[in-house]
Amino acid sequence: MTGEFIFWLVVKSVIIAGIAIFFGLLYKGIDRKIVAHMQGRVGPPIRQPFLDVIKLMSKENIVPKHAIKWLFNAAPLICLASSIMLLLYIPIGGFDAILEGHGDLILILYLFAIPSIAMVAGGFASSSPYAAIGAQREVVTMISYELPLAVVIIAIAWKLSGIEGDVFSMAFIASHPIWQNVGILGLIGAIMLLISMVVVAPGELAKIPFDVAEAETEIAGGLTVEYSGRNLAMLYIADGVKIFAFASLVVALFFPYGIASLLSLNGVASIIADFLFFLLKVFLVMFFAVTLIRAGVARFRITQVVTAYWVTITLIALLGLVLLMWDTHFNVRWL
Amino acid sequence: MIPKAFKRSLWVFHINSGSCNGCDIEIIAALTPRYDAERFGIKLVGSPRHADVIAFTGPVTNDMKDKVIRIIEQTPDPKVIVVVGSCGIGGGVFHESYHLAGPIDKLYPNAKYFYVPGCPPRPEAIIQAFAKAWEWLEEVEKK
């Protein structure tokens, strides 16, 4: 029984890893294409990230002379592995997550920190001053966005704690959408939480305007400056997987709806319809949280990143939390 | 499978070894929406460790000599150096000046060079040089 359970766990994990890498790179390609169109360019083909990865795999892998070798080589591996591990806890495509249970909501919150911490370790280990500056900036960015992210997740869990069930599990939150359990005040509050989640995304994923840690034009790639060949390919894939995972988390927290029951489908057709609908939702989240912001604005300075997250976004998230609290107190229904 | 990847994905690192900035502007012009080098997968990167191609401008001044060689050695193999502009090929208007350490292909002969003549060359010519470079990289990968 246990042996069979572990066997299926491993098989499913490998399938999830394949899905994560494929769709991570695919969404990266779509992202680049859309940004190019927004700037009035033709842009690279959508399969461009796959070609980049294949090319990086065939390049020489240099480890700098003064680097701490084992840490330098381990960092990209940990970064990629923990990015894929995130998707074992987040429900994707209408299916339940593979590993689920009590408290996985908090676990996800911490798992999102691990790729960044791995990259910080790799940056410090690579003996380059650019990488050291990038690593310091990454730590500062992490400190900035963790607070609003935690506020958002706690607010949702607190609001749903009125219902019977295991609040801190992803499956419970995915089956009880926040929109159906709030009144008018709570609706406004939930929208504010969604806004802060969308603004946390570019910080979490190191995208413009919060990509101070990897700023190519000022610190030459920052954390990744000394990486080449296979290690760089792993960081490149991990970046795509992280985008897919974060968009999946936003979908699971805010839009866990399926389309199959609406179209009155069943059997295999319902699974396929739900999965395609999930991919569309992930695309929309990525479009508004990453692509649109990336094409529209320039990079912040590091001080501006801290102010933006600690003051503006935390205030919006806290106001959302307060509105959800008042919603329970006054109880004005909208549905 | 591997050779085709080089054809559509070239990451370029740009070195200025003392040029007048004319060629550098033309390299940037090749990335603008008008020419859009990214549609061929050509991307400007910030670190020589990420690069496949080095876009090299300028005659090498005495001050830049050691640094330029160090940057080229930091680039992982297989790599190609595309010398953009007349200065990098034979000194151009700086020919036989007192402060030059000589053109780059004399200083660092153990690399594959492609030359784009012109003062400055047009962006089309620069993109064509990158096309030649990826043809050569494909050949290397086949062997």
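So, a few notes on the structure that sits alongside this text.

Here we come to the overall build of chain A. A count of helices and strands for chain A gives twelve helices and zero strands. When the helices and strands of chain A are placed in sequence order, the string is α-α-α-α-α-α-α-α-α-α-α-α. Relative to the globule expectation of 20 Å for 335 residues, the C-alpha radius of gyration of chain A, 20 Å, shows essentially globular dimensions. If one aligns the C-alpha atoms of chain A with their principal axes, the spans along those axes are about 65 × 50 × 45 Å. Counting the 335 residues in chain A, one finds 53% classified as buried. Taking all contacts inside chain A whose residues are at least 6 apart in sequence as the whole, residues at least 24 apart take part in 80%.

We now examine the packing of helix H10 (residues 229-254) of chain A against helix H11 (residues 268-296) of chain A. A pair of packed helices is captured by two measures, namely the crossing angle of their axes and the spacing between those axes. Residues and elements named next belong to chain A. Between H10 and H11, the least distance of the axes is 9 Å, while the angle of their chain directions is 105°. Taken together, the axis directions place H10 and H11 in an arrangement best described as roughly perpendicular. The segment H10 lies against H11, with Ile243, Phe244, Ala247, Ser248, Val250 and Val251 engaging Phe278, Leu279, Lys281, Val282, Val285 and Met286. Among the residues making up the contact of H10 with H11, the classes are represented as ten nonpolar, one polar and one charged.

A common way to express how large an interface is: the accessible area buried when the components associate. In this assembly, 28 residues from chain B lie in contact with 29 residues from chain A. Both faces combined, the contact of chain B with chain A buries some 2400 Å², and carbon together with sulfur accounts for 54% of it. It is Glu38, Arg49 and His50 of chain B in chain B that bury the most area against chain A; as a group they hold 26% of the surface buried on that side. Seen at the junction of chain B and chain A, the total is six salt bridges. Note that Arg49 of chain B is salt-bridged to Glu226 of chain A, the shortest N-O span being 2.7 Å. Linking chain B with chain A are 15 residue pairs in polar contact (both at pLDDT 80 or more). Taken together, the elements giving at least two residues each to the side of chain B that touches chain A come down to helix H1 (2-8) and strand E2 (42-44) of chain B.

A few words now on the environment of Leu232 of chain A. Position of Leu232 of chain A among the secondary structure elements: in helix H10. Along the chain, Leu232 of chain A and Asn61 of chain A lie 171 residues apart, while their C-alpha atoms are 8.7 Å from each other. Apart from the residues within four sequence positions on either side, Leu232 of chain A is in contact with Leu56, Thr224 and Tyr227 of chain A together with Trp11 and His50 of chain B.

Residues and elements named next belong to chain A. Tallied over the full model, the rule gives twelve salt bridges over all chains. Linking Arg299 and Asp211 is a salt bridge whose minimum nitrogen-to-oxygen distance equals 2.8 Å. One end of the pair, Arg299, is in the loop between H11 and helix H12 (302-330); the other, Asp211, is in the loop between helix H8 (184-204) and helix H9 (216-219), with 88 residues separating them in the sequence. A residue is classified by how much of its surface remains accessible, and Arg299, at 25% relative accessible area, is partly exposed.

Residues Cys119 of chain B and Pro120 of chain B are joined by a peptide bond in cis, for which omega reads -5°. Structurally, Pro120 of chain B is set in the loop between strand E7 (113-116) and helix H6 (123-142). Positioned with a positive phi, Ala206 of chain A is a non-glycine residue whose angle comes to about 55°. With respect to the helices, strands and loops of the structure, Ala206 of chain A is situated in the loop between H8 and H9.

A separate point is empty space enclosed by the protein. Residue and element names in this part refer to chain B. Applying the stated criterion across every chain yields a total of one cavity of 30 Å³ or more. Of the pockets and cavities examined, the largest cavity occupies roughly 30 Å³. Lining the largest cavity are Val12, Ile27, Ala30, Leu31, Ile42, Leu44 and Phe130. Secondary-structure elements contributing two or more residues to the lining of the largest cavity are helix H2 (22-31) and E2.

Residue and element names in this part refer to chain A. This structure, assessed with the given rule, holds 20 aromatic pairs over all chains. Consider the rings of Phe112 and Phe246, whose centres lie 5.4 Å apart with planes at 70°: the pair is edge-to-face. You can see Phe112 sitting in the loop between helix H4 (104-111) and helix H5 (113-125) and its partner Phe246 sitting in helix H10, a full 134 residues away along the chain. Summarising the burial analysis for this pair, Phe112 and Phe246 share the class buried.

In this section: the side chain of Lys59 of chain A. You can see Lys59 of chain A is positioned in the loop between helix H2 (48-57) and helix H3 (69-89). A distance of 3.1 Å separates a polar side-chain atom of Lys59 of chain A from the backbone oxygen of Ala51 of chain B. Within polar-contact distance, the side chain of Lys59 of chain A engages the backbone oxygen of Pro78 of chain B at 2.9 Å.

What counts and what doesn't
Residues numbered from 1 in each chain as written. Chains lettered and ligands numbered in written order. Predicted model: local features only at pLDDT ≥ 70, side-chain atom pairs only at ≥ 80, totals over all residues. Heavy atoms only, no water. Helix = DSSP H or I, 4+ residues; strand = E, 2+ residues; numbered from the N terminus. Rg over C-alpha atoms; globule rule 2.2 N^0.38 Å. Buried < 20%, exposed > 50% of the residue type's maximum accessible area, 1.4 Å probe, protein only. Contact = heavy atoms within 4.5 Å. Axes fitted to C-alpha atoms, helices over the stretch in contact; angles between N-to-C directions. Parallel < 35°, antiparallel > 145°, perpendicular 65-115°, else oblique. Nonpolar A, V, L, I, M, F, W, Y, C, P; charged D, E, K, R; others polar. Buried area = accessible area lost by both parts, 1.4 Å probe. Salt bridge = Lys/Arg side-chain N within 4 Å of Asp/Glu carboxyl O. Polar contact = N/O pair within 3.5 Å; in protein donor to acceptor, adjacent residues only side chain to side chain. 1 Å grid on protein atoms, 1.4 Å probe; cavity = no way out; pocket = protein on both sides within 12 Å on 5 of 7 lines; lining within 4 Å. Points joined across faces, edges and corners; volume = space filled by probe spheres on them. Phe/Tyr/Trp six-rings, centres within 6.5 Å; stacked < 30°, edge-to-face > 60°.

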